[in-house]
Amino acid sequence: MMNIILFGPPGSGKGTQAQMLKDRFNLLHVSTGDIFRNEIANGTPLGMEAKTFMDRGHLVPDELTIRLLDGFVEANSTPATEGIIFDGFPRTVPQAIALDEFMEKRNSPVMVVLSLMVDEEEVVKRLISRGLTSNRIDDANEEIVRNRLKVYYTQTAPLAEFYRNQKKLISLNGKGTIEEVFEHLCVEIFKLSE
Ligand code: AP5
Ligand code: MG
């Protein structure tokens, strides 16, 4: 199974690339952000709870996030699925530990963590510009965008070390065009099956 984590700050292109990679390699796309936004759109209690954190650019509590994973993967895997691409998950060390346990139970470990390196000014520019047309409240003002980045650097960036210790971390340049970044990611993923 080709299980991949796409890692990087908000706005680094995880969602954009995960959509393309999922089609290219026949993967199940697991984006906790998309799952939460879907719950919010459906007005579920889980969505309403998540929204209070998301709108401020804070992380949703680990317990709530981890609970989502199991149900989503069970409900959406098909026999044709050749792996999972995680986008925006895990975001904390407890989430990473929970994911390792979950994948161990499935006998299907994470193979690689592909980290998209994009500098802060570029990601702020991308998110503010999307905020002009999307209805994502967390893209709507620079203060919230900067807060998401602060949360990323304090709570999520340390995970790079966690996966470096597991010898799974590969860092890539996330600037350049969407197609260029996609090519670089594909090269790394092809290496996995060599
Ligand atoms: P989530 O939905 O995961 O958002 P995010 O990671 O903060 O950031 P984005 O999704 O905006 O960035 P991305 O890296 O996917 O980039 P994208 O491809 O969209 O999380 C939202 C919130 O949910 C969190 O703040 C938190 O509250 C909660 N949450 C989610 N997961 C959680 C978890 N595990 N634990 C706790 N809480 C959680 O691209 C961004 C923009 O840039 C787009 O407009 C795109 O078109 C553009 N773009 C992409 N690539 C390029 C390129 N190469 N060149 C130019 N523009 C580009
Ligand atoms: Mg995203």
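Remember, predicted model here, so these are calculated numbers, not experimental data.

**Q** Can you tell me about the overall build of the protein, naming the residues and giving the values?
**A** Along the backbone of the protein there are 9 helices and 5 strands. Put simply, the protein runs from its N terminus to its C terminus through helices and strands in the order β-α-β-α-α-α-β-α-β-α-α-α-β-α. For a compact globule of 194 residues, the expected C-alpha radius of gyration is about 16 Å, and the protein comes in at 16 Å, within 12% of that figure. Summarising the internal contacts of the protein: among those between residues at least 6 apart in sequence, 74% fall at separations of at least 24. Considering the protein, the positive charge centre built from 22 side chains and the negative charge centre built from 28 side chains are found 2 Å apart.

**Q** Could you give me a rundown of the packing of aromatic side chains, with the residues and numbers involved?
**A** This model, assessed by the stated rule, comprises 5 aromatic pairs. Taken together, a centroid distance of 5.4 Å and an interplanar angle of 65° make the contact between Phe 25 and Phe 190 edge-to-face. Taken together, the residues span a long stretch of sequence, with Phe 25 in helix H1 (residues 14-25) and Phe 190 in helix H9 (residues 178-192) at a distance of 165 residues. Classification of Phe 190 by relative accessible area gives partly exposed; the value is 38%. On the basis of an interplanar angle of 75° and a centroid distance of 5.2 Å, the ring pair of Tyr 152 and Tyr 153 is categorised as edge-to-face. Residue class for Tyr 152 comes out buried when judged on its relative accessible area of 9%.

**Q** A description of the pairing of strand S3 (residues 84-87) should follow, citing residues and the corresponding values.
**A** Burial along S3 is two-sided: Ile 84 and Phe 86 and Ile 85 and Asp 87, pointing in opposite directions, are all buried. Sheet topology places strand S1 (residues 4-7) next to S3; 3 bridges connect them, and they run parallel. Residue Ile 5 lies in a different strand from S3, and its bridge partner there is Phe 86. The sheet contact formed by strand S2 (residues 28-31) and S3 spans 4 bridges and is parallel. Pairing of Leu 28 across the sheet is with Ile 84, part of S3.

**Q** How would you sum up the site of ligand 1? Please name residues and give values.
**A** Around ligand 1 there are 30 residues in total, and Thr 16, Thr 32, Arg 37, His 58 and Arg 130 lie nearest to it. Interatomic distance of 3.3 Å between a backbone N/O atom of Ser 12 and an oxygen atom of ligand 1. Between ligand 1 and the protein, one listed contact pairs an oxygen atom with a side-chain N or O atom of Thr 16 at 2.4 Å. For ligand 1, the accessible surface in isolation is 1000 Å², of which the surrounding protein chains cover 88%. Elements that contribute at least two residues to the shell around ligand 1 include exactly H1, helix H2 (32-41) and helix H6 (120-131). Per-element accounting of the shell around ligand 1 gives the leading share, 4 residues, to H2. The class makeup of the residues in the shell around ligand 1 is 9 nonpolar, 13 polar and 8 charged.

**Q** So what's going on with the sheet that holds S3? Residues and values would help.
**A** Pairing within the open sheet is parallel, and its 5 strands lie in the order S2-S3-S1-S4-S5. The open sheet has two edge strands, S2 and strand S5 (169-173), and neither has a second partner. On average, adjacent strands in this sheet sit at an angle of 20° to one another, irrespective of strand direction. The sheet strands contacting helix H4 (residues 62-76) are S2 and S3, and the helix crosses S2 at an angle near 155°.

**Q** Run through helix H5 (residues 93-105), naming residues and quoting values.
**A** Every α-helical turn comprises 3.6 residues, leaving residues that sit three or four positions apart pointing alike. Helix length check: H5, at 13 residues, gives a terminal C-alpha distance of 19 Å against a target of 18 Å (1.5 Å per residue), a fit within 8%. Looking at the buried side of H5, the elements it contacts are S1, H4, S3 and helix H8 (159-165). The positive-phi residue at the C-terminal boundary of H5 is Asn 107, with phi of around 60°.

Calculation criteria
Residues numbered from 1 in each chain as written. Chains lettered and ligands numbered in written order. Predicted model: local features only at pLDDT ≥ 70, side-chain atom pairs only at ≥ 80, totals over all residues. Heavy atoms only, no water. Helix = DSSP H or I, 4+ residues; strand = E, 2+ residues; numbered from the N terminus. Rg over C-alpha atoms; globule rule 2.2 N^0.38 Å. Contact = heavy atoms within 4.5 Å. Lys, Arg positive; Asp, Glu negative; His and termini not counted. Charge placed at Lys NZ, Arg CZ, Asp CG, Glu CD. Phe/Tyr/Trp six-rings, centres within 6.5 Å; stacked < 30°, edge-to-face > 60°. Buried < 20%, exposed > 50% of the residue type's maximum accessible area, 1.4 Å probe, protein only. Pairing = 2+ DSSP bridges. Near = heavy atom within 4 Å. Polar contact = N/O pair within 3.5 Å; in protein donor to acceptor, adjacent residues only side chain to side chain. Areas by Shrake-Rupley, 256 points an atom, 1.4 Å probe, with all protein chains shown as cover. Nonpolar A, V, L, I, M, F, W, Y, C, P; charged D, E, K, R; others polar. Axes fitted to C-alpha atoms, helices over the stretch in contact; angles between N-to-C directions. Expected span 1.5 Å × (residues − 1).

Without other data, these values stay purely geometric and don't point to any function.
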